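An overview of the molecular structure
Here is how the chains run, residue by residue.
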Amino acid sequence: MNRQLRLLSLIVLLAVTILATACGQITSPPPQGPRSPDVSWAPGLSPLPQETTVKVGMKQVLSDAGILIGMAKGYYTDVGIKIEPIQFNSGQEMINHLAAGQLDVGATVTAAGLLNAMSRDIPVKIVADKGINVTGKGYYRLVVRKDLAKSIKDYADLKGRRIAIVGTASLDEIALVRILEKGGLGTKDIDLQVIRSFPDMLVSMSNKSIDAAMVIEPFVTHGITKEIIDPWKDPSEYDPNAQTALLVYGTSITTKPEVANRFMTAYLKSVRDYNDAFFKDKNKAEIIDILCRYSVIKDPLLYDKMYPTGLNPNGYVRMKGIALDIAWYKKNLLIKPDIKLETVVDNRYVDFAVNILGPYQ
């Protein structure tokens, strides 16, 4: 009993450390002090004539690296943009602000509410990748209780199990459905649980109230380290086309292409710094230091243990993944039938940024 209590205390402590910025205005964003614009990293691109504030909804998680690194290294300042980071309590709240023009950029996931907003002739668009699973190193995945790993070996073994997701009618339910379908199952064949936070999922697995869950890093690594969970199968096996997280432009920035293009160029430069660090071991200590200071993950040792978040250095989303999401929402009558892939994804801003920076080498 004492061991279990210590285990639960560690999980709670991790949750407090990681989610310290979980509500309200983000309090400690990277500094964006005055500096002389230097856009030598973006040949041919000049800064905006006047500094422009761009409001960005994000949670300071690792997949926000394209924003956090750019703020810390001054890329946004270089092009004349000041980032105002804002935290939202729910994805739907963020979507409402994007549609109303009260938020310029959103760091989010696919959801019925997002796609339905796009169907109302509101210029909210999916514009770039913000998180994908790397083959063999999926950072968002189904995990099972460690004591059940030998009995839940294949997809069909999930039948009748208590499996948790953080929400329905969104990425989380879609991901689980695809896993179940590999075993000829559906959500009616399991005991589906909705647990609103990943730390609570680890607690529930440690006390054996659930059998498996869709979990994201750093909670995957933490659960493995504490011998609570088994990482099970890699997502490349059951969801190879998944577009896990998205960068979305709201109405207030799609009507200002000069701002939208410069934001994307700074974003892509930051994502490339991230890729250089985690996949080429270039300036890794510097990038980890930035992320430790400004993301919710404060332990530098975790960055070498975690499955890395995939961020496309050329910015484009996985079109097939989004198309499959749209098809699922339509099949389940969660979005309007007239929504089409070409109306929700707008690649013009990534096209602009890649033209300025060149293809990633």
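Structural notes, computed from the coordinates. (Residues numbered from 1 in each chain as written. Predicted model: local features only at pLDDT ≥ 70, side-chain atom pairs only at ≥ 80, totals over all residues. Heavy atoms only, no water.)

Looking at the packing of aromatic side chains
Inclusion rule: Note on aromatic pairs: the rings of Phe, Tyr and Trp (six-membered ring only in Trp) are paired at centre separations within 6.5 Å, and the planes decide the class, stacked below 30 degrees, edge-to-face beyond 60, tilted for the rest. Cation placement over rings: the criterion is NZ of Lys or CZ of Arg within 6 Å of the ring centroid and within 35° of the ring normal.
Scanning the entire structure with this criterion turns up 10 aromatic pairs. For the ring pair Trp328 and Tyr329, a centre distance of 5.5 Å and an interplane angle of 75 degrees mean the geometry is edge-to-face. Three or more aromatic residues link up through ring pairs in this structure, and these residues are Tyr76, Tyr249, Phe263 and Tyr349. Its end group placed over the ring of Tyr307, Arg141 keeps NZ or CZ at 4.6 Å from the ring centre. Sitting over the ring of Tyr155, Lys233 keeps its end group 5.2 Å from the ring centre.

What to know about the sheet that holds strand S5 (residues 140–145)
Worth spelling out the cut-off: The rule for pairing is simple: two strands pair if DSSP sees at least two bridges between them. In this text, helices come from DSSP runs of H or I with a minimum length of four residues, and strands from runs of E with a minimum of two, each type numbered from the N-terminal end. Residue contacts are counted whenever heavy atoms from the two residues lie within 4.5 Å of one another. Axis angles are defined between N-to-C directions and span 0 to 180 degrees, where every axis is a line fitted to C-alpha atoms and, for a helix, only to the segment in contact.
Across the sheet, which stays open at both edges, the 5 strands sit in the order S7-S6-S8-S5-S9 with mixed pairing between neighbours. The open sheet is flanked by strand S7 (191–194) and strand S9 (229–230), the only strands paired with a single partner. Across 4 bridges, strand S6 (residues 162–165) lies against S7 in parallel orientation. From the neighbouring strand, Ile163 faces S7, where its bridge partner is Leu192. Against the sheet, helix H7 (residues 198–206) makes contact with S5, S6, strand S8 (212–216) and S9, and its axis sits at roughly 145 degrees relative to S8, the strand it touches most.

Remarks on the nonpolar core
Going by this rule: The set of buried Ala, Val, Leu, Ile, Met, Phe, Trp, Tyr and Cys residues whose side-chain atoms join them within 4.5 Å is what this entry labels a nonpolar core. Here's how the labels work: a residue is buried when its accessible area is under 20% of the maximum for its type, exposed when over 50%, partly exposed in between, all with a 1.4 Å probe on protein chains only.
Residues Phe263 and Met264 are the most contacted members of the largest nonpolar core, which totals 55 residues. For this core, the element with the most residues is helix H11 (residues 257–280), which contributes 11 residues. Once residues within four sequence positions are removed from consideration, Phe263 is found in contact with Val54, Val56, Tyr76, Ile81, Ile83, Val105, Leu247 and Tyr249.

Re the sheet that holds strand S3 (residues 105–108)
Taken in spatial order, the 6 strands line up as S2-S1-S3-S10-S4-S11 in an open sheet, and their pairing is mixed. Sheet topology places strand S2 (81–86) and strand S11 (309–310) at the edges, where each strand pairs with a single neighbour. Bridge count between strand S1 (residues 52–57) and S3: 2 bridges; the pairing is parallel. Bridging from a neighbouring strand, Gly57 pairs with Gly106 of S3. Contacting S1, S2, S3, strand S4 (125–133), strand S10 (245–249) and S11, H11 crosses the sheet at an angle of about 160 degrees to S10.

Side note on the environment of Asp104
Filter applied, for reference: In protein, a polar contact requires one atom able to donate a hydrogen and another able to accept it; more generally it is a pair of N or O atoms within 3.5 Å, and residues adjacent in sequence count only if both atoms are side-chain atoms.
With respect to the helices and strands, Asp104 occurs in the loop between helix H4 (91–99) and S3. Take Asp104: its relative accessible area is 11%, and that puts it in the buried class. For the pair Asp104 and Val54, spaced 50 residues apart in sequence, the C-alpha to C-alpha distance is 6.0 Å. With sequence-adjacent residues up to four places away left out, Asp104 is seen in contact with Thr53, Val54, Lys55, Leu98, Val248, Tyr249, Gly250, Ser252 and Ile253. Side-chain polar atoms of Asp104 contact the backbone nitrogen of Lys55, separated by 2.6 Å.

Describing the pattern of salt bridges
Should the charged atoms of two oppositely charged side chains come close, the side chains can pair. For clarity, the threshold we go by: What counts as a salt bridge is simple: a side-chain nitrogen of Lys or Arg found within 4 Å of a carboxyl oxygen of Asp or Glu.
Under the definition given, this model contains 15 salt bridges. Of the charged contacts, one joins Lys233 and Asp154 as a salt bridge, the two residues approaching to 3.9 Å between their closest N and O atoms. On the criterion of sequence distance, the pair formed by Lys233 in the loop between S9 and helix H9 (235–238) and Asp154 in the loop between S5 and S6 is long-range, its members being 79 residues apart. Taking relative accessible area as the criterion, Lys233 reaches 16% and is therefore assigned buried. One salt bridge in this structure joins Arg162 and Asp211, with 3.2 Å as the shortest N-O distance. One end of the pair, Arg162, is in strand S6; the other, Asp211, is in the loop between H7 and S8, with 49 residues separating them in the sequence. A residue is classified by how much of its surface remains accessible, and Arg162, at 30% relative accessible area, is partly exposed.

With respect to the packing of H11 against helix H12 (residues 284–294)
To be explicit about the condition: Note on convention: the crossing is left-handed when the near helix lies turned anticlockwise from the far helix by less than a right angle, right-handed when the turn is clockwise. In the scheme used here, Gly and all other residues not listed as nonpolar or charged are polar, with Ala, Val, Leu, Ile, Met, Phe, Trp, Tyr, Cys and Pro taken as nonpolar and Asp, Glu, Lys and Arg as charged.
In contact at an axis separation of 8 Å, H11 and H12 are set at 120 degrees when each is read in the N-to-C sense. Note that H11 runs across H12; the crossing there is left-handed. Facing Asp273, Ala277 and Phe278 of H11, the residues of H12 in contact are Lys284, Ile287, Ile288 and Leu291. For the contact of H11 with H12, the class distribution of residues is 5 nonpolar, no polar and 2 charged.

A few points about H4
Note on helix geometry: an α-helix contains 3.6 residues per turn, so any two residues three or four positions apart are oriented the same way. The criterion, for reference: The directions considered for the arc are those from the helix axis to the C-beta atoms.
Buried residues of H4: Met94, Ile95, Leu98 and Ala99, and no others. Viewed end-on, H4 has its buried residues packed into an arc of 135 degrees, placing them on one side of the element. On the buried face of H4, the contacting elements are S1, S3, helix H5 (112–118), S10 and helix H10 (251–254). Just downstream of H4 lies Gly101, where phi reads positive at about 80 degrees.

Considering the pairing of S5
Most of S5 is tucked away: 6 of the 6 residues are buried. Here S5 runs beside S8; their pairing, made up of 5 bridges, is antiparallel. Bridge pairing links Val144 to Ala212 in S8. Relative to S9, S5 runs antiparallel, the two sharing 2 bridges. Looking at S9, one finds that Arg145 is bridged to Ile229.

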